[in-house]
Each structure stands twice: as structure tokens, then as C-alpha cells.
Amino acid sequence: MKTLNKLSQYHFSRYFKLFFVIWDIVLLNLAILLSSLIGFGCVDKLFLTQVETISLLSNLIWIILLLYNNSFKIIRVEPIESILKRTIKKIIIHAAIIAIFVVFLNYKEVSRWCLLYFYYFFFLLLMISRYLSISFLKYIRAKGYNYKSFIIVGANDTGERIRKMLASDLTYGYRFLGFFDEKVDPFAFISGPVVGTFDNLEAFLFDKKVHEVYVALHIDNVSVINKLIKICEHHMVRIKFIPDFQLYTKSSKVEISFYDNTPVLMFRREPLEFTVNRILKRTFDICFSLGVILLIFPWLFLIVMIIIKLESPGPIFFKQERSGRDNDSFTCLKFRSMRMNALSDSKQAQKGDQRITKFGAFIRKTSIDELPQFFNVLFGNMSVVGPRPHMLNHTKQYTELINNYLVRQYAKPGITGWAQVNGFRGETKEIIDMENRVEFDIWYIENWSILLDCRIIIKTVVNIFDGEENAY
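Predicted, not measured: the structure shown is a model, and the values here were computed from it.

(A) Here's a closer look at the overall build of the chain. Counting secondary structure elements, the chain contains 17 helices and eleven strands. Looking at the 472 residues of the chain, the share that counts as buried comes to 42%. Taking contacts inside the chain between residues at least 6 apart in sequence as the whole, the part at least 24 apart equals 71%. As displayed, the chain offers around 27600 Å² of accessible surface, 62% of which is attributable to carbon and sulfur atoms.

(B) Region of the structure containing the environment of Asn-29. For Asn-29, the location among the structural elements is in helix α2 (residues 16–40). Judged by its relative accessible area of 34%, Asn-29 falls in the partly exposed class. For the pair Asn-29 and Ser-55, spaced 26 residues apart in sequence, the C-alpha to C-alpha distance is 8.0 Å.

(C) Helix α5 (residues 112–142), seen in detail. The end-to-end C-alpha distance of α5 is 45 Å, a good match for the 45 Å that 31 residues give at a rise of 1.5 Å each. Capping the start of α5 is the job of one residue whose side-chain oxygen sits 3.3 Å from the backbone nitrogen of Trp-113: Ser-111.

(D) Spatial organisation of the sheet that holds strand β5 (residues 238–241). Pairing is parallel in the open sheet, where five strands are placed in the order β3-β2-β1-β4-β5. Both edges of this open sheet fall to β3 (194–196) and β5, since each of them pairs with a single strand only. Pairs of neighbouring strands in the sheet enclose a mean axial angle of 35°, with direction left out of account. Bridging between strand β4 (residues 212–215) and β5 involves four bridges; their strand directions are parallel. Directly across from Tyr-214, in β5, lies its bridge partner Lys-240. The strands touched by helix α6 (residues 157–167) are β1 (148–153), β2 (174–180) and β4; relative to β2, the strand with the most contacts, the crossing angle is about 160°. Contacts from helix α8 (residues 222–234) reach β1, β4 and β5 within the one sheet, and its direction differs from that of β5 by about 155°.

(E) Summary view of the nonpolar core. In terms of nonpolar packing, the biggest core is built from 31 residues, with Val-304, Phe-335, Ile-368, Leu-371, Phe-374, Tyr-444 and Ile-456 touching the most fellow members. Setting aside its immediate chain neighbours within four residues, Ile-368 contacts Leu-300, Val-304, Phe-335, Phe-362 and Ile-363. Ranked by size, the runner-up nonpolar core spans 26 residues in total, among them Phe-20, Leu-66, Ile-91 and Leu-115.

(F) Fine view of the packing of aromatic side chains. Tallied over the entire structure, the rule returns 23 aromatic pairs. Measuring from ring centre to ring centre gives 4.8 Å for Trp-62 and Phe-122, while their planes differ by 75°; the resulting arrangement is edge-to-face. With Trp-62 in helix α3 (residues 49–67) and Phe-122 in helix α5, the pair connects residues that are 60 residues apart, well separated along the chain. Residue classification places Trp-62 among the buried residues on the basis of a relative accessible area of 1%. Since its relative accessible area comes to 0%, Phe-122 is described here as buried. Among the aromatic residues, ring-to-ring pairing joins Phe-297, Phe-301, Phe-317, Phe-335, Phe-375 and Phe-379 into one connected group. Here Arg-163 stacks its cationic end above the ring of Phe-176, 5.9 Å away from the centre of that ring.

(G) Region of interest: the pairing of β2. Counting buried positions along β2 yields five of seven residues, so the element is predominantly enclosed. Pairing of β1 with β2 involves six bridges; the strand directions are parallel. Opposite Lys-148, over in β2, you have Tyr-174 as the bridge partner.

Reading the values: rules and limits
Residues numbered from 1 in each chain as written. Predicted model: local features only at pLDDT ≥ 70, side-chain atom pairs only at ≥ 80, totals over all residues. Heavy atoms only, no water. Helix = DSSP H or I, 4+ residues; strand = E, 2+ residues; numbered from the N terminus. Buried < 20%, exposed > 50% of the residue type's maximum accessible area, 1.4 Å probe, protein only. Contact = heavy atoms within 4.5 Å. Areas by Shrake-Rupley, 256 points an atom, 1.4 Å probe, with all protein chains shown as cover. Expected span 1.5 Å × (residues − 1). Polar contact = N/O pair within 3.5 Å; in protein donor to acceptor, adjacent residues only side chain to side chain. Pairing = 2+ DSSP bridges. Axes fitted to C-alpha atoms, helices over the stretch in contact; angles between N-to-C directions. Core = buried A, V, L, I, M, F, W, Y, C linked by side-chain atoms within 4.5 Å. Phe/Tyr/Trp six-rings, centres within 6.5 Å; stacked < 30°, edge-to-face > 60°. Lys NZ or Arg CZ within 6 Å of the ring centre and 35° of its normal.

Encoded structure:
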């Protein structure tokens, strides 16, 4: 403990950037060495000119990736999942760049198997290193070292939220000293002590060791805020502001972008507004839909076509105008599962619906009727995963009933979706059913990732084999 106490007096964070880069380079070169030993049983191949070139390039690219976008940052409350996601992203970019060099330079001396071994070992070493470093930091913080003490100016709901978040886990390394305010909000449940008013704050900073001050005051208190800034900077205490976005959006989840030096508050984050993400999703959609069309349609289409024709007169495909991205309509394709009727564009399928044929009930239950929509995906009208497209008159109806209904139209509609794999599939008997579906659709738009799409697809397949209660 004496050693930890002594080490805590030094500001190692000043040198963390340099240490982080050096340590990662050590791990990278260790992974190169291990991949050579596993792949060839010796290290002699490492001294081939082409291998040396790629090894040097690997080091340079990783250094650039670390320095780009502040990848070495430490956020005390950052979960291991966030670090894992960031590390995977960097390794994928690194692997793509190295692969381009190896292929286009036609480096035959570079073993493709050794490259796979390298990335396996490098990822493993990185994650073990990250996990151990986080565990060590949590240990010393739990012992009372490497912590930051903070106070909150503003005894209100906003101040209480940040207090609960920072003080919820001792391993985050924050120690709460108290609230400062002229009066406590009578409607707020404040569980921390109020240790003084605005006038007492400077004396408190002088008397106590305070690292950070969080300001949770309404903008009406601008004169008080300006005074707090002067006081904190005079005492070399970092000051941070907690704006109450709910005054504007009534939402606790918003996105902030900077247009040059001007901060712009947006109601929600939309990952698919980034060009790279749209290209990634579109590439995935094309590859996946082509795979289904080439592997399943050649043998399944003939069987489905014959049975549909034998069971009831009418076309094989059911075509219907539905609402797409930006609320533009498109022609949605399905295998026909109902007898020809005049209500198909206005009435939802219901349990025990007499319009549905026997074979139609089967293909609806197994989602086979949705397979033609992979052509919609290929044409660009739909995506494999996204909010399910609704009939035009239902879109008009629910737009008037549910205020944020059209937000789901920010994304391309999907063959399957987050709402569907969470049980909100089929008929919407009550308005609450559609509200729940919209809520899940909006969550998907705000939290999209290619891994989430894969998760939804896997869950959809599992649900098909398990059987879904609302699939009728």
C-alpha cells in the first residue's frame, strides 16, 4: 500500500499516450514473432525483404490508427464492451490496408496463413492487455488511489443524475464531496449532501482538494456560471457543464455535432447517416440477398409456384405499394398467401383469417412468403434488416395517431427487424402494439451496427424454427 500511495503522487497520465503507443507496438511485434513461429516453426522468414516491408508497414499503420481520432483516450466510466468495439474496428481497418498492399504488390513471400495467425494473436494480446490494465486501475481506485474528487453546482434532477452515474461504482475513480446551490429543488430527490451556497464554493475549493466541478444550472443563471468559471480557473480546477437537453427534446439521449466550432444539438444519433456505414450496410445487403436468390430461389421457387397455382387462382406474387425510406412508396413483393380479395390493401391479416389459404398459412408461419423481398433488397428499395414496411393507408393512419411514427421511415424498410425479433410482429390490435413497434424501430435506427444486423438475422432464423405466436 505504501508503494501505491507513493505512485499515486505522480502524474503518469501525462505520459500515457507515449506508453500506450510503445506498449501496443511491443504487442504487435510479439504477435508477428508468434505468427512466424506457429506458421513456419522458425523466425528466419521474418528477415525476407517482403516480410520485413509488411512488418514495418504494420507498425506504421497501427501507430497512425492509434493517434487518429484520439484512440488512446481513457474514459473512467468506459465499459470493456466499448473498448472491444473500438479495438475490433481498428484491427479490421489495419487488416484491410495490409491486405491491399499484399495483393496489389503481389508479395508472394508473405504467407496468408501467417497473416491470419498474426491478427489472431494481436487481437488476443491487445484484449488481454486492455482487460488487465482496466482491472489494475479498478483495483487501485477501489483502494482509494487514483481517484478524482468532484462537486456539483446545482441541487436538482440533472445534478443528481450525474452524481449517481459517477458515484455508482467506486472503481470509476470518482469521489463525491457535495452539492452547492442557493436552494434545493423541492421536486428533486437529492440523495447527496448540500454543503454550501454559491458564495461558499471558493472557500471550499481553497480548503479541499477538488479536481472537477460539474455545473448543472439552468442557462438563466448565466451570471453565476461566468463567476464559477473565473473561480475554478483561478484555483486550477477543471469545470464541466451538464446541459439539460430535456428542456429542448424531452429525451435523455441526444447527439452533438460540431459545424466548424459551433455545437449543434440533434434529437438522436443516426449511424446510417454516415456514408461509410451506408456503404457497409448496402454491401452487406447486396451480398446477402444475392446469396439467398442464387442458393434458395432456383429450387424453392418452382415448388412454391406450383402449390400456389394449384390451391387458388391468381398470380404467384402479391404486389403492394408500401412506405419506404423518407416515406417514399415502393412496390413490395411477396409470395401470394391469400385468395384474391378486395381488402388486401386496407385490412391486416388476422388470426383465423378466412382469406389465407392452407399453404399460405404455412409460408406465412415460416416467412417463406417474404423471400421475394430479397429482390427488393437487391433493387435498393429495402434492406435485409430494418423497420418493416407498412401499407400506405396504415402509414397515414398511424402518423396521425402516433407522434413519432414517421421517424421509423428514416431508414430503409427491412425483411426482418428489431421489433419483429422482440415479439412485435403481425397484427396490431391496439394502438399500444404499434407504439411498441415504433419504439423498437427507432431504437434500431439510433443503435445500428453491422453486428446488430447479424444478431437480428440469427434471431430471426431461430424464431422461424421455434415458431412465432404472432406469425399468421
